[in-house]
Amino acid sequence: MAKLALADLALHLLHKPAHALDEEERRVLDSIDSGTIVSRDAADESDARASLGDRLADKVAAVGGSWGFIIAFSVVLFGWMLLNTDVLARFGAAFDPYPYIFLNLMLSTLAAVQAPVIMMSQNRQASKDRLAASLDYETNLRAELDILRLHHKIDVSVLERLAAIEEKIDGLANRAPAA
């Protein structure tokens, strides 16, 4: 895009100099000048920007925050306690008898690892939300500017038609004999 066209569009549509434009406003004006669309899918954009760690954090949060995980984890905990309290204790082979110190250590370790991973996923979701808001702003700005441009075109067209009608009336008035 030529610098002059961007500057003209910025002043005409946004009433701002080109150097004062935000990145979103610049992209919108570029898309208006080139005649391209500005809408993009926030999920696709976010997925394209995601690192391996981001995707892994999302998967861990999705599994760790599900009923399936809670039910399976409860079954494993109950099985661990049953195994160490009744089954293996009868043979004197319980490797983690009550008060389940090793189980507590494993649960603490799991919580210490899982909590930051879930926080990373929440941070990523917040980043997705900011991206979606930015893309929504661009789309809304483009729609608003297009509506303003259409209003201007209609106003110009109506004024041109009114001027043509006025000329016809003046022409008819000049031809009419004076009474």
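Draft legend 1. Layout of the overall build of the chain. Assigned secondary structure in the chain consists of six helices and zero strands. Listing every helix and strand of the chain by position from the N terminus yields α-α-α-α-α-α. Taken over C-alpha atoms, the radius of gyration comes to 34 Å for the chain, far larger than the 16 Å a tight globule of 179 residues would show. C-alpha extents for the chain along the principal axes are approximately 130 × 40 × 20 Å. Considering only contacts in the chain between residues 6 or more positions apart, those separated by 24 or more positions represent 58%. Within the structure as shown, the chain displays about 12,900 Å² of accessible surface, and the carbon and sulfur contribution to it stands at 65%. Computed over 18 positive and 25 negative side-chain charges, the separation of the two mean positions in the chain equals 3 Å.

Draft legend 2. Focus on the packing of helix α4 (residues 52–64) against helix α6 (residues 101–175). Running from amino to carboxyl end, α4 crosses α6 at an angle of 110°, the nearest separation of the two axes being 8 Å. Between α4 and α6, the angle is such that the two are roughly perpendicular. When you trace α4 past α6, the crossing you get is left-handed. Mapping the contact onto sequence places D54, A57, D58, V60, A61 and G64 in α4 and Q114, V117, I118, M120, S121, R124 and K128 in α6. Taken together, the residues of the contact of α4 with α6 break down into six nonpolar, three polar and four charged.

Draft legend 3. Fine view of the side chain of R124. Following the sequence through the fold, R124 ends up in helix α6. A polar side-chain atom of R124 sits 3.5 Å from a polar atom in the side chain of D47. Excluding residues that lie within four positions of it along the chain, R124 makes contacts with S46, D47, A50, D54 and D58.

Draft legend 4. Quick peek at a nonpolar patch on the surface. There is a patch of nonpolar side chains on the surface, built from F78, L82, L83, V87, F91, F95, F102, L105 and M106 and spanning about 910 Å² of accessible area. The leading source of residues in the nonpolar patch is helix α5 (residues 67–90), at four residues. Owing to a relative accessible area of 41%, F102 belongs among the partly exposed residues under this scheme.

Draft legend 5. Just the nonpolar core, in detail. Counting 13 residues, the largest nonpolar core has L13, L14, L21, V28, L29, I32 and L145 as its most contacted members. Contributions of two or more residues to this core are made by α1 (3–14), α2 (23–34) and α6. No other element matches the five residues that α1 contributes to this core. Those residues in contact with V28, other than ones at most four positions away along the chain, are V38, E138, L141, R142 and L145.

The rules behind these values
- Residues numbered from 1 in each chain as written.
- Predicted model: local features only at pLDDT ≥ 70, side-chain atom pairs only at ≥ 80, totals over all residues.
- Heavy atoms only, no water.
- Helix = DSSP H or I, 4+ residues; strand = E, 2+ residues; numbered from the N terminus.
- Rg over C-alpha atoms; globule rule 2.2 N^0.38 Å.
- Contact = heavy atoms within 4.5 Å.
- Areas by Shrake-Rupley, 256 points an atom, 1.4 Å probe, with all protein chains shown as cover.
- Lys, Arg positive; Asp, Glu negative; His and termini not counted.
- Charge placed at Lys NZ, Arg CZ, Asp CG, Glu CD.
- Axes fitted to C-alpha atoms, helices over the stretch in contact; angles between N-to-C directions.
- Parallel < 35°, antiparallel > 145°, perpendicular 65-115°, else oblique.
- Left-handed = near helix turned anticlockwise from the far one by under 90°.
- Nonpolar A, V, L, I, M, F, W, Y, C, P; charged D, E, K, R; others polar.
- Polar contact = N/O pair within 3.5 Å; in protein donor to acceptor, adjacent residues only side chain to side chain.
- Patch = residues over 30% accessible without salt bridge, like charges linked within 9 Å, V, L, I, M, F, W, Y side chains within 5 Å.
- Salt bridge = Lys/Arg side-chain N within 4 Å of Asp/Glu carboxyl O.
- Buried < 20%, exposed > 50% of the residue type's maximum accessible area, 1.4 Å probe, protein only.
- Core = buried A, V, L, I, M, F, W, Y, C linked by side-chain atoms within 4.5 Å.

Interpretation note: all reported values are geometric properties and have no functional meaning in isolation.
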